[in-house]
Amino acid sequence: LNIDDPLGEFKIIYPREHGIEYQVFDHEDEFFIRTNENATNFKIIKVKEKECNDKSKWNEIIPERKDWEPQSIELFKNHMIILGRSKGLKQMEVYK
């Protein structure tokens, strides 16, 4: 749903798949997606908004790590912060 059109229609980012979780974060014309698809501990992908329904365009930017799970993303103009957990402890990683 476009914030400038609160009475508009919702848009499906990608159709649901059994057992697959997606959490979508938007930034300008891109989506950053936290997903467990082929990643038990989740990974982060990036895709242009207009190409989000074509998985061949999905670009993995943070691969799954067995010792760390990304839980949330904060997006800024020139960097992003990923909040996650490792061995039960909260951690924060900054990427440019």
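My aim in this report is to walk through the structure given alongside it, one point at a time.

Rules of the game
- Residues numbered from 1 in each chain as written.
- Predicted model: local features only at pLDDT ≥ 70, side-chain atom pairs only at ≥ 80, totals over all residues.
- Heavy atoms only, no water.
- Buried < 20%, exposed > 50% of the residue type's maximum accessible area, 1.4 Å probe, protein only.
- Helix = DSSP H or I, 4+ residues; strand = E, 2+ residues; numbered from the N terminus.
- Pairing = 2+ DSSP bridges.
- Axes fitted to C-alpha atoms, helices over the stretch in contact; angles between N-to-C directions.

Turning our attention to the pairing of strand S2 (residues 30–35). Taking burial as the measure, the six residues of S2 include six buried ones, the bulk of the element. Side chains Glu30, Phe32 and Arg34 project from S2 onto one buried face, and the interleaved Phe31, Ile33 and Thr35 project onto a second face that is buried too. Where strand S1 (residues 22–27) and S2 come together, six bridges link them in antiparallel fashion. Following the sheet pairing, histidine 27 is matched in S2 by glutamate 30. Pairing of S2 with strand S3 (residues 43–48) involves six bridges; the strand directions are antiparallel. Paired with phenylalanine 31 across the two strands is valine 47, which belongs to S3.

Let us now look at the sheet that holds S1. Sheets are built from strands that pair by backbone hydrogen bonding, the pairs being arranged parallel or antiparallel. Strand order in this open sheet of four strands is S1-S2-S3-S4, and the pairing throughout is antiparallel. The outermost strands of the open sheet, each flanked by one partner alone, are S1 and strand S4 (59–62). Adjacent strand axes in the sheet meet at a mean angle of 30 degrees, parallel and antiparallel pairs treated alike.

This is a description of form; function is not addressed.
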